[in-house]
Amino acid sequence: MGGPAAGVSAALDNVLLNGEPCGRVYVSSGNLDPHPIEVKYVAKRWTIVNVDGAAMPLGARFNVVVDEAATQFCRYDHIFHDGVEGS
């Protein structure tokens, strides 16, 4: 993923993840951002966040892997989980 603007987070724009709270995404810091990071689902986008609240350096890059198979499995595994038990 290319460099975000300065801030404490960077939203991922990916067709497999946009609007998908059940997405499986793995991220590691690629360069320039020495802070611990985590990935959260916020406002229909998966977002990389600096855990300590520090600003990401301008041009920071991240290694992002989207597990399409796990995302599909998660989505379909929860289709019938509505809290109603059949008899």
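One can find the structure itself at the top, above this paragraph.
Criteria and thresholds
Residues numbered from 1 in each chain as written. Predicted model: local features only at pLDDT ≥ 70, side-chain atom pairs only at ≥ 80, totals over all residues. Heavy atoms only, no water. Helix = DSSP H or I, 4+ residues; strand = E, 2+ residues; numbered from the N terminus. Contact = heavy atoms within 4.5 Å. Core = buried A, V, L, I, M, F, W, Y, C linked by side-chain atoms within 4.5 Å. Buried < 20%, exposed > 50% of the residue type's maximum accessible area, 1.4 Å probe, protein only. Salt bridge = Lys/Arg side-chain N within 4 Å of Asp/Glu carboxyl O. Polar contact = N/O pair within 3.5 Å; in protein donor to acceptor, adjacent residues only side chain to side chain.

Please set out the environment of Asn-50 residue by residue, giving values where relevant.
By secondary structure assignment, the location of Asn-50 is in strand β4 (residues 45-50). Between the C-alpha atom of Asn-50 and that of Pro-34, which follows or precedes it by 16 residues, the distance is 9.4 Å. Residues in contact with Asn-50, not counting those within four places in the same chain, are Val-8, Asp-33, His-35, Pro-36, Ile-37, Ala-55 and Met-56.

Lay out the nonpolar core with the relevant residues and their values.
Core analysis: the largest hydrophobic core is formed by nine residues, namely Ala-10, Leu-12, Leu-17, Val-25, Trp-46, Ile-48, Met-56, Ala-60 and Phe-62. Residue contacts for Leu-17: discarding those within four places in its chain leaves Leu-12, Gly-23, Arg-24, Val-25, Tyr-41, Trp-46 and Val-66.

Quick one: what's the story with the pattern of salt bridges, residue by residue and with numbers?
If charged atoms from side chains of opposite charge come close, those side chains can pair. Scanning the entire structure with this criterion turns up two salt bridges. Asp-13 serves as the salt-bridge partner of Arg-45, at 3.9 Å between the closest nitrogen and oxygen. Of the two residues, Arg-45 is situated in strand β4 and Asp-13 in the loop between β1 (9-11) and β2 (25-31); the sequence distance between them amounts to 32 residues. When its relative accessible area of 31% is taken as the criterion, Arg-45 is described as partly exposed. You can call Asp-13 exposed: its relative accessible area is 64%. When the shortest N-O distance is used, the salt bridge between Glu-38 and Lys-40 registers 3.6 Å. For Glu-38, a relative accessible area of 32% translates into the label partly exposed.

Residue-level account of the side chain of Thr-47, with values.
Relative to the helices and strands, Thr-47 is located in strand β4. Within polar-contact distance, the side chain of Thr-47 engages the backbone oxygen of Arg-45 at 3.4 Å. With residues up to four places along the chain from it excluded, the contact list for Thr-47 reads Ser-9, Ala-10, Ala-11, Leu-12, Glu-38, Val-39, Lys-40 and Val-42.

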